[in-house]
Amino acid sequence: MRHTLRRWPQLGQRLRAGLVGVRWAGAPRLELEEGPAEGLATWRNQLVDPFRDPPFAVRWSPSEGGGRVAFRVHHALADGQAFYTVVQAFLRAAALAAAGREPAATRSGTPEHPFGVLSLLRGRRAKLAAMWRTLRWLQREGQRGDATRLAIRSAGPGAVRVDVYRLAPAELAVFAVRARAYEVTASVCLAACWARALARFNAARCVDPGSKVSLEVPFSIRRGEATEVLGNLVSPLVFHGPGRAPLGVLARRFGEQLRRQRADRAHLAMPLFTAPGRWLPWPVFRRLAADDAWSGFASGHYTWLEDPEGLGRVVEEESAGALALRGYLMHPPVCRSMGASLVAFRSDDALSLYLATRATALDEAEARELGGYLRTELADVLEA
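Residues numbered from 1 in each chain as written. Predicted model: local features only at pLDDT ≥ 70, side-chain atom pairs only at ≥ 80, totals over all residues. Heavy atoms only, no water.

**Thoughts on the overall build of the protein chain**
When helices and strands are counted, the protein chain shows 12 helices and 11 strands. Taken over 384 residues, the protein chain has a buried fraction of 47%. Excluding contacts between residues fewer than 6 apart, the proportion of contacts in the protein chain whose partners are at least 24 apart in sequence is 74%. Surface summary for the protein chain: the accessible area is close to 19200 Å², and the carbon and sulfur share equals 54%. (Helix = DSSP H or I, 4+ residues; strand = E, 2+ residues; numbered from the N terminus. Buried < 20%, exposed > 50% of the residue type's maximum accessible area, 1.4 Å probe, protein only. Contact = heavy atoms within 4.5 Å. Areas by Shrake-Rupley, 256 points an atom, 1.4 Å probe, with all protein chains shown as cover.)

Here it is as structure tokens:
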């Protein structure tokens, strides 16, 4: 934990509100505790005030022959990609320590930010008209209200539960082949499966499945060394299409939208035009940031993450066999206006799917029903 804090001091700091904006400040504090695994759900769902408490915490639950280490982060400090980078660094340091080796010294402080207004305004990167159209489209979509929201019980805050599904390496290989037949990647094909599952869930509740279904998809703007930069450096892209469309049709439509939005640099629209917000007084910024008109109108949230190195393999090799990562579990956040999110994590040639639902939005039976629709869509692809 000390090694990780030396690398990213803000993990143990608190937010300070100034005349304009907020910043991480103060001496870093270790947030490391030990407790039984039975208390993890309460710990994980605990509300954290980043003005009072460090945004990053670790909990160790020992058991016979091993234990479980859990990580928690406040979204003000890190998006999912940055969070995984921190967790990976933590486990690598633990692996080296288990092998009796010191982790390499790392420079303190934040690497160069991958995004700057001036860099966007130079050369071929500047597609301001297209980026502005993207932002205006998002605003109109949020105000129009014709995108089908998931049929949830309540948008109130509540605990998050996660159901886990898995595609074994052989199944993932078949899934990727089927995706290529649709002229899309496996990640886009899975997005279409998820969108159809959302539409089927709504159809079972007499919500028109033929109306528009949409997904908010985070797209990273980190490149190169900037993968180590903390903060929220993902920008929302929105895919949309008719809920009744056949999977191949919907997958191709999502693929076309992704290619067009990348060509228009749509993923840079939100960071560029909202950049001045960092200088707003905190009360004003907080009120604007809570507005879901820009992307929270989507039917569901979808994230695809990849770990090409294979975290389990890295831990075993760098600990010289002293440590083994037996499994992992992600608990992604759930937007209150959506009620459900899906994270796909590709590692060690397999694909783990984490379907997160908020207890106030869907009860346990409804969450499993939604997961059943997703499994059906996946099976249809694998058996095609």
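**Points about the sheet that holds strand E3 (residues 32–34)**
Within the open sheet, the 3 strands sit side by side as E3-E4-E5. Their pairing is mixed. The open sheet has two free edges, formed respectively by E3 and strand E5 (66–73), since each of these has just one partner strand. Within the sheet, the average angular offset between the axes of one strand and its neighbour, ignoring direction, is 20°. Sheet topology places E3 next to strand E4 (residues 56–63); 3 bridges connect them, and they run parallel. The partner of Glu33 across the bridge, within E4, is Arg59. Relative to E5, helix H3 (residues 80–98) is tilted by about 145°, and along the sheet it contacts E4 and E5. (Pairing = 2+ DSSP bridges. Axes fitted to C-alpha atoms, helices over the stretch in contact; angles between N-to-C directions.)

**Details of the nonpolar core**
Counting 48 residues, the largest nonpolar core has Leu190 and Trp194 as its most contacted members. With sequence-adjacent residues up to four places away left out, Leu190 is seen in contact with Phe175, Tyr302, Trp304, Ala344, Leu351, Leu353 and Leu378. Within the second largest apolar cluster, 29 residues are counted, among which are Leu5, Trp8, Val87 and Tyr354. (Core = buried A, V, L, I, M, F, W, Y, C linked by side-chain atoms within 4.5 Å.)

**Here we look at the packing of helix H7 (residues 186–203) against helix H8 (residues 247–263)**
The geometry of H7 relative to H8 is characterised by a closest axis approach of 8 Å and an angle of 125° between their N-to-C directions. Between H7 and H8, the crossing angle belongs to the class labelled oblique. The hand of the H7/H8 crossing is right-handed. Residues Val188, Cys189, Ala191, Ala192, Cys193, Ala195 and Arg196 of H7 touch H8, and the partners they reach there are Leu247, Leu250, Ala251, Phe254, Gly255 and Leu258. Taken together, the residues of the contact of H7 with H8 sort by class into 11 nonpolar, 1 polar and 1 charged. (Parallel < 35°, antiparallel > 145°, perpendicular 65-115°, else oblique. Left-handed = near helix turned anticlockwise from the far one by under 90°. Nonpolar A, V, L, I, M, F, W, Y, C, P; charged D, E, K, R; others polar.)

**A word on the sheet that holds strand E10 (residues 340–347)**
Taken in spatial order, the 6 strands of this open sheet run E6-E11-E10-E9-E7-E8, and their pairing is mixed. Taken across any chain shown, the strands that pair with only one partner, and hence form the sheet edges, are strand E6 (160–167) and strand E8 (234–242). The mean inter-strand angle of the sheet, taken between neighbouring strand axes irrespective of direction, is 20°. For E6 and strand E11 (residues 350–358), the ladder comprises 8 bridges, and the chain directions are antiparallel. Each bridged residue has a counterpart across the sheet, and for Val164 the counterpart in E11 is Tyr354. Sitting on the sheet, H7 is in contact with strand E7 (212–220), strand E9 (300–307), E10 and E11, with an inclination near 155° to E9.

**Here we look at the pattern of salt bridges**
The tally for this structure, following the rule as stated, stands at 14 salt bridges. Linking Arg200 and Glu377 is a salt bridge whose minimum nitrogen-to-oxygen distance equals 3.0 Å. With Arg200 in helix H7 and Glu377 in helix H12 (residues 364–382), this residue pair connects regions lying 177 residues apart in the sequence. For Glu377, a relative accessible area of 1% puts it in the buried group. (Salt bridge = Lys/Arg side-chain N within 4 Å of Asp/Glu carboxyl O.)

**Observations regarding the packing of aromatic side chains**
According to the stated counting rule, one finds 7 aromatic pairs in the structure shown. On the basis of an interplanar angle of 80° and a centroid distance of 5.0 Å, the ring pair of Phe71 and Phe90 is categorised as edge-to-face. With Phe71 in strand E5 and Phe90 in helix H3, this residue pair connects regions lying 19 residues apart in the sequence. When sorted by exposure, Phe71 lands in the same class as Phe90, which is buried. Pairwise contacts between aromatic rings join Phe56, Phe71, Phe83 and Phe90 into one cluster. Sitting over the face of the ring of Trp43, Arg72 holds its NZ or CZ atom 4.5 Å from the ring centroid. Across from the ring centre of Phe201, 3.7 Å away, lies the NZ or CZ of Arg205, which sits over that ring. (Phe/Tyr/Trp six-rings, centres within 6.5 Å; stacked < 30°, edge-to-face > 60°. Lys NZ or Arg CZ within 6 Å of the ring centre and 35° of its normal.)

**A closer look at the environment of Ala350**
Among the secondary structure elements, Ala350 is positioned in strand E11. The sequence separation of Ala350 and Ala168 amounts to 182 residues, and the corresponding C-alpha distance is 5.0 Å. Residue contacts for Ala350: discarding those within four places in its chain leaves Arg166, Leu167, Pro169, Leu172 and Phe345.

**Some details on a nonpolar patch on the surface**
Taken together, the side chains of Leu19, Val20 and Trp279 define a hydrophobic patch exposed on the protein surface, amounting to about 400 Å² of accessible area. If you trace the backbone, Val20 turns up in the loop between strand E1 (14–17) and strand E2 (22–25). (Patch = residues over 30% accessible without salt bridge, like charges linked within 9 Å, V, L, I, M, F, W, Y side chains within 5 Å.)

**Points about H8**
One full turn of an α-helix is made of 3.6 residues, so residues set three or four places apart face in the same direction. Relative to the 24 Å expected for 17 residues at 1.5 Å per residue, H8 spans 24 Å between its end C-alpha atoms, a close match to the ideal helical length. All of the buried residues in H8 are Leu247, Gly248, Leu250, Ala251, Phe254, Gly255, Gln257, Leu258 and Gln261. Buried residues in H8 make contact with H7, E7, E8 and H12. Two residues or fewer after H8 comes Arg265, characterised by a positive phi angle close to 55°. (Expected span 1.5 Å × (residues − 1).)

**Focus: H3**
The end-to-end C-alpha distance of H3, which contains 19 residues, comes to 27 Å, matching closely the 27 Å that a straight helix rising 1.5 Å per residue would cover. All of the buried residues in H3 are Ala82, Tyr84, Thr85, Val86, Val87, Gln88, Ala89, Phe90, Leu91, Ala93, Ala95 and Leu96. Elements that come into contact with the buried residues of H3 comprise helix H1 (2–7), E4, E5, E9, helix H11 (311–318) and E10.

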